[in-house]
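Listed below are the residues making up each chain.
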Amino acid sequence: MVSHLVILIASLGVAALALVISLRVRRKRLDTTKLSYPPGPKVAAMPILDAWVEYRNWGNIYGDLIYLPEWNTLITNNAEVAVDLLEKRARIYSDRSMTPIMKLCGGENLLSVECYSEKWRRDRRVFQQTFRQAAVSQFYPSQYNKVHEFLRNLVSAPDSFLEHIQRLSQGLVFKSLYGLEIGPEDPLAKKAISIVGTFARALLSGGFPTYELFPWLIYLPSWFPGCEFKRVAAQCGKIVEEVDTVPFNIAMNNLKDGICTSPIAELAVQKPEDLQEIKAMGTMSFIGQGCCCVMDQTMSSISSFLLAMCMHPDVQAKAQEEIDRVIGRDRLPTFEDRRSLPYVEAVYREVMRLDPPIPLGFPHVSTEDDFYRGYHIPKGCSVVANIWAINRDPNVYSEPDKFMPERYTNSPMGPFENIDNIYAYGFGRRVCAGRYMADNTVWLTVASVLAAFTLEKTKDDNGNEIPITGEMTDLFFRHPRPYQSSITPRSHLAGELVLATADH
Ligand code: HEM
């Protein structure tokens with residue numbers, strides 16, 4: 001009798017539990033159906049040129065979440081939303097979309113476009129070992145070497161400053177990772193440059209419109225009308241493969257022959273089990289970030305800085321006064337000076353705020369259905385954080401379009417905020433893996449140029465200043481359009497200091 005009672009009570013308990021669970025599941029299902037997608041415009045084609053401006057316009061109409069069902073794309077112009085989704089919910093917002101076209105481009109081996117997978121984790125781990133904050137001081141010697149070479153080039157041929165920036169940013173990755181002296185004239189460097197635009201197109205919705213409208217075209221031969229995109233993408237893939245092997249093999253041979261060593265070759269010898277990931281790290285730095293000529297992010301930031309200094313002589317003078325006061329005029333800045341130069345830091349931060357080199361970042365793709373602020377965000381959705389607009393949010397930045405470093409020196413946090421607050425480097429688990437190195441390179445260039453040179457608008461034959469429009473490019477990677485600038489040593493001593501760096 002007692003045992004029957006126990007069984008009865010247990011059964012009732014199980015039934016009650018099942019009822020509660022099923023009610024919860026049902027309620028959740030009902031909730032799901034009640035939830036709708038965020039609002040957004042109906043567009044047949046995604047904007048390509050200055051897309052970040054159009055996205056901001058949409059935000060003014062639809063709010064913080066803009067959803068385009070035809071493209072399964074969610075756009076936000078708001079930092080809180082970007083952080084909520086891409087950082088706080090990084091577990092489900094860290095994928096990339098590996099389309100067949102991206103595969104053809106060779107994207108499967110590139111950390112920045114790889115899917116969120118075990119392979120990505122391994123590649124990223126190897127990358128981080130070399131580029132994490134505690135390890136980047138190993139690049140200091142190469143950074144001094146290349147930044148000082150840049151300064152010398154500015155003394156000898158100031159008008160070619162854009163070429164010099166390119167040489168700096170390309171040369172740095174070759175030197176610091178492979179121990180190689182390779183300039184922009186090198187055929188491999190030129191090839192790498194030629195494919196960056198293709199990657200940019202493959203990354204964003206609307207980049208290859210014919211293929212996106214008719215995805216089955218991917219199965220037809222490239223000579224078939226409308227299939228030209230296949231040839232472009234396959235060519236890109238071939239170059240990625242070349243870049244994957246050529247500098248790596250040279251570095252390994254140099255190590256074997258005792259000519260020179262390099263972090264990448266040493267790592268490959270120490271950890272042969274990680275060979276693929278180590279090679280991928282080199283390729284990623286080379287193609288993705290360090291060697292992209294006009295579109296490279298480091299180059300873009302330095303070019304934006306020079307432009308800003310030409311356009312804002314008052315800011316330039318204030319930063320130079322700080323450098324003269326803190327470190328004097330008889331040496332160039334070093335990394336040890338950084339914390340003593342708050343205004344210079346603020347100038348760097350303001351460049352990164354106003355001119356993020358990748359205004360829309362790289363889209364993060366969701367791996368599960370999600371619910372946020374009462375809306376349904378479907379699995380597989382491309383989430384685009386409009387960094388350009390986030391950095392110009394009038395609720396956060398007063399006079400957001402104005403170049404005003406004082407906003408950092410006057411803020412309670414001061415200018416030395418965590419680098420994670422520089423949205424130009426992206427968000428969450430996919431945040432820029434080379435940001436500590438990039439941050440050091442751009443800062444050292446900013447401080448060194450300010451210490452040694454005066455930047456001004458050029459003058460015509462009648463002595464009138466030639467105006468600078470400050471125009472920027474309008475595609476995926478954003479950088480200043482070519483402009484003229486007069487760059488001269490601040491004094492005879494400054495010129496000599498710069499030239500003397502050749503002896504170090
Ligand atoms: C001023 C210079 C740079 C800027 C503004 C920049 C910005 C970015 C951004 C916005 C992303 C995408 C982040 C996201 O998905 O949320 C990214 C990814 C990445 N960046 Fe940078 N970058 C710079 C320089 C570099 C350098 C010098 C390197 C390497 C040496 C590098 C390596 C990478 C890698 C490997 C990724 C892919 C990370 C992943 O998907 O897991 N970056 N970068």
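The written sequence of each chain sets the order in which its residues are numbered from 1. In view of the model being predicted, local features appear only for residues whose pLDDT reaches at least 70, and side-chain atom pairs are presented and counted only at 80 or more, with totals across whole chains, interfaces and linings using the full set of residues. Only hydrogens and water are set aside; all other atoms, that is, all heavy atoms of the structure, feed into the side-chain values.

1. Points about the layout of surface pockets
Within this model, the largest pocket holds a volume of roughly 560 Å³. Buriedness of a pocket was judged along seven lines, with at least five required to meet protein on both sides within 12 Å; pockets are open sets of points on a 1 Å grid over the protein atoms alone, cavities are sets where a 1.4 Å probe fits but cannot get out, and lining residues have an atom within 4 Å of a point. In this structure, the largest pocket is lined by 26 residues; those nearest its centre are Ser-97, Thr-99, Leu-203, Ser-205 and Ser-382. The way it works is that DSSP assigns letters per residue, a run of H or I at least four long becomes a helix, a run of E at least two long becomes a strand, and they are numbered from the N terminus. Where the lining of the largest pocket is concerned, the elements lending two or more residues are α4 (100–104), α8 (187–203), α9 (209–213) and β6 (382–385). Element by element, the count of residues in the lining of the largest pocket is highest for α8, at three residues. Grid points are joined across faces, edges and corners, and a volume is the space filled by probe spheres set on the points.

2. Examining the pattern of salt bridges
Any Lys or Arg side-chain nitrogen found within 4 Å of a carboxyl oxygen on Asp or Glu counts as a salt bridge. Inspection of the entire model under this criterion finds 30 salt bridges. As a salt-bridge pair, Glu-181 and Lys-146 come within 2.9 Å of each other at their nearest N and O atoms. Placement of the pair is Glu-181 in the loop between α7 (161–178) and α8 and Lys-146 in helix α6 (residues 140–156), with a sequence separation of 35 residues. Residue exposure (1.4 Å probe, protein chains only): buried if accessible area is under 20% of the type maximum, exposed if over 50%, otherwise partly exposed. Given a relative accessible area of 3%, Lys-146 falls into the buried group. With its nearest N and O atoms 2.9 Å apart, the salt bridge here joins Glu-321 to Arg-325. Of this pair, Glu-321 and Arg-325 both sit in helix α14 (residues 313–327), separated by four residues, roughly a single helical turn.

3. With respect to the environment of Ala-319
Along the polypeptide, Ala-319 turns up in helix α14. A relative accessible area of 0% means that Ala-319 is categorised as buried. Sequence separation between Ala-319 and Thr-488 is 169 residues, and the spatial gap between their C-alpha atoms is 17 Å. Leave out the neighbours within four places in its chain, and Ala-319 touches Tyr-343, Val-344, Val-347 and Leu-450. It only takes one pair of heavy atoms within 4.5 Å for two residues to be counted as in contact.

4. A word on the coordination of the iron atom of the ligand
Coordinating donors are taken as N, O and S atoms within 2.8 Å of the metal, stretched to 3.2 Å for Na, K and Ca; because water is absent from the atoms, sites can appear incomplete. A lone protein donor binds the iron atom of the ligand: Cys-432 (SG), at 2.2 Å. With respect to the helices and strands, the residue Cys-432 is situated in the loop between α17 (406–409) and α18 (435–452).

5. Topic: the UniProt feature "binding site: heme" (unreviewed entry) in the protein
UniProt positions are given in the numbering used here, feature names are shortened, and annotations may be inferred rather than shown by experiment. UniProt annotation of "binding site: heme" (unreviewed entry) refers to Cys-432 when read in the numbering used here. Overall, Cys-432 belongs to the partly exposed group, its relative accessible area being 24%. Setting aside residues up to four positions removed in sequence, Cys-432 forms contacts with Arg-124 and Tyr-425.

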